[in-house]
Amino acid sequence: MNKLAIIGGSGLTQITGLEIIEEKAIETQWGKPSAPITVGKFNTQDVFFLPRHGDPHLIPPHKINYRANIAALYDIGATHIIGVNAVGGITTDMTPCRIVIPDQLIDYTHGRIDTFHESNLSEVVHIDFTYPYSISLREQLLQTANQTNIDVASKAIYGVTQGPRLETAAEIKRLEQDGCDIVGMTSMPEASLARELGTEYVCCALVVNWAAGKTSEVITMEIIEQNLSQGMSQIITLLGALLDNFE
Ligand code: HPA
């Protein structure tokens, strides 16, 4: 049976309207996830929820135990995962408060533990990662957005940076030359770990600022938080509508 999990990012530590049935503190062979997993009901549908940065939000992107998070969701029975991510907008369509469902990524992170296939191997594993986000779950999300009249960008390349600092203007120029439309810090190794376990994984991103050098404005936490609180309610509506038809 298919079960959906939501990994909340910045601005989504708790889901308004989620009826909490149980909080499960899980320990995996890779360590503890960022927080106990909430087993709940949203719009009467079963869902799991895990805040990526912990609750309260204290774990920075480069310190997240991505393996424990994905393994815990897998162990509890999640077959599908939607990772919600706050990102910076690089190309002109990627305006603050816009929801983006990327179809590709480029990984610029370093030093993160990014595989389950590391030791005690019986064979060397190379997953196919041509399309890093689940084609079928992306399609469901895009159809839901269309049916509910929620404006989303239906294609984008997500450049995943190491953080926790934001980028320089030159780094963003380079990302743009590489083809990136948005920039964030958390879609990797989450996406590839989910693929390693055979879980359908997509990213639902919210643009919370123009990336470095794209405007003359300094990027402040106030700007980011303001756009987060403005845009996150649309994401919650979209996820609720997806769950209504999720089988
Ligand atoms: N860069 C990287 N990560 C981010 C940004 C950004 O501009 N905004 C939100 N997450």
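See the structure shown above.
In short, a report on the structure. Quick caveat, the model's predicted, so the values are computed rather than measured.

1. Points about the nonpolar core
Line of reasoning, step 1. Core analysis: the largest hydrophobic core is formed by 36 residues, its most contacted members being Ile37, Phe48, Leu73, Val100, Tyr158 and Ile182.
Line of reasoning, step 2. Taken together, the elements giving at least two residues each to this core come down to β1 (4-8), β3 (37-42), β4 (45-51), α1 (66-76), β5 (80-89), β9 (157-160), α4 (190-196) and β11 (200-210).
Line of reasoning, step 3. Broken down by element, the residue count for this core peaks at six residues, all from α1.
Line of reasoning, step 4. Sequence-distant contacts of Phe48, that is, excluding residues within four places in its chain, are made with Lys3, Leu4, Ala5, Ile6, Ile37, Thr38, Val39, Leu73, Ile76, Gly77 and Ala78.
Line of reasoning, step 5. The next biggest cluster of nonpolar side chains, apart from the first, holds 32 residues, and it includes Leu12, Ile15, Ile82 and Leu228.

2. A closer look at the packing of aromatic side chains
Line of reasoning, step 1. The final tally for this structure, using the stated rule, is two aromatic pairs.
Line of reasoning, step 2. Geometrically, the ring pair formed by Trp30 and Phe116 is tilted, given 5.3 Å between the ring centres and 55 degrees between the ring planes. With Trp30 in the loop between β2 (19-24) and β3 and Phe116 in the loop between β7 (104-107) and α2 (135-147), this pair connects stretches of sequence that are 86 residues apart.
Line of reasoning, step 3. For Phe116, a relative accessible area of 9% corresponds to the buried category.
Line of reasoning, step 4. When the ring of Tyr133 is compared with that of Tyr201, the centres are 6.3 Å apart and the planes differ by 20 degrees; the resulting orientation is stacked.

3. A few points about unusual backbone geometry
Line of reasoning, step 1. Residue Pro164 follows Gly163 across a cis peptide bond; omega there is 0 degrees.
Line of reasoning, step 2. In this fold, Pro164 is placed in the loop between β9 and α3 (169-178).
Line of reasoning, step 3. If you check the backbone angles, Cys97 has positive phi at about 80 degrees while not being a glycine.
Line of reasoning, step 4. Among the structural elements, Cys97 can be located in the loop between β5 and β6 (99-100).
Line of reasoning, step 5. Within the chain, Asn120 stands out as a residue other than glycine whose phi angle is a positive 50 degrees.
Line of reasoning, step 6. Along the chain, the position of Asn120 falls in the loop between β7 and α2.

4. Describing the packing of α2 against helix α5 (residues 221-244)
Line of reasoning, step 1. The N-to-C vectors of α2 and α5 enclose an angle of 110 degrees; their axes lie 9 Å apart at closest approach. Considering their axes alone, α2 and α5 lie roughly perpendicular with respect to each other. Note that α2 runs across α5; the crossing there is right-handed. Here Gln140, Leu141, Thr144 and Ala145 of α2 lie close against α5, whose contacting residues are Leu238, Ala241 and Leu242.
Line of reasoning, step 2. Classifying every residue of the contact of α2 with α5 gives five nonpolar, two polar and no charged.

5. With respect to α2
Line of reasoning, step 1. Spanning 13 residues, α2 covers 18 Å between terminal C-alpha atoms, matching the ideal 18 Å at 1.5 Å per step.
Line of reasoning, step 2. Along α2, the residues that are buried comprise Leu137, Arg138, Leu141, Leu142, Thr144 and Ala145. Buried residues of α2, viewed axially, fall in a sector of 160 degrees; they line one side. Turned more than 90 degrees away from the buried face of α2, the exposed residues are Ile135, Asn146 and Gln147.
Line of reasoning, step 3. Buried-residue contacts for α2 involve β5, β8 (152-153), β11 and α5.
Line of reasoning, step 4. Following α2 by one or two positions, Asn149 has its phi on the positive side, about 55 degrees.

Reading the values: rules and limits
- All residue numbers here refer to positions counted from 1 along the written sequence of the relevant chain.
- Given that this is a predicted model, residues contribute local features only at a pLDDT of at least 70 and side-chain atom pairs are listed and counted only at 80 or more, while totals for whole chains, interfaces and linings are drawn from all residues.
- Neither water nor hydrogens contribute to the side-chain values; these are computed over all heavy atoms in the structure.
- In this description, a nonpolar core means a group of buried Ala, Val, Leu, Ile, Met, Phe, Trp, Tyr and Cys residues linked to one another through side-chain atoms lying within 4.5 Å.
- Note on classification: 1.4 Å probe, protein chains only; a residue is buried when its accessible area is under 20% of the maximum for its type, exposed when over 50%, partly exposed between these limits.
- In DSSP terms, a helix is any run of H or I states spanning at least four residues, a strand is any run of E spanning at least two, and both are numbered starting from the N terminus.
- The contact criterion used is simple: two residues touch if any of their non-hydrogen atoms lie within 4.5 Å.
- To pair, rings of Phe, Tyr and Trp, with the six-membered ring standing in for Trp, must have centres within 6.5 Å; the planes then decide the type, stacked if under 30 degrees apart, edge-to-face if over 60, and tilted in the middle.
- Here an angle of 0 to 180 degrees is reported between the N-to-C directions of two axes, which are lines fitted to C-alpha atoms, with helices fitted over the stretch in contact.
- Any angle that falls under 35 degrees is termed roughly parallel, while one over 145 is termed roughly antiparallel, one within 65 to 115 roughly perpendicular, and all others oblique.
- Left-handed describes a crossing in which the near helix is turned anticlockwise from the far one by less than a right angle; the clockwise case is right-handed.
- Each residue is assigned to one class: nonpolar for Ala, Val, Leu, Ile, Met, Phe, Trp, Tyr, Cys and Pro, charged for Asp, Glu, Lys and Arg, and polar for all the others, Gly among them.
- To estimate the expected span of a helix, subtract one from its residue number and multiply by 1.5 Å.
- Each C-beta atom gives one direction from the helix axis, and the arc is the one those directions make.

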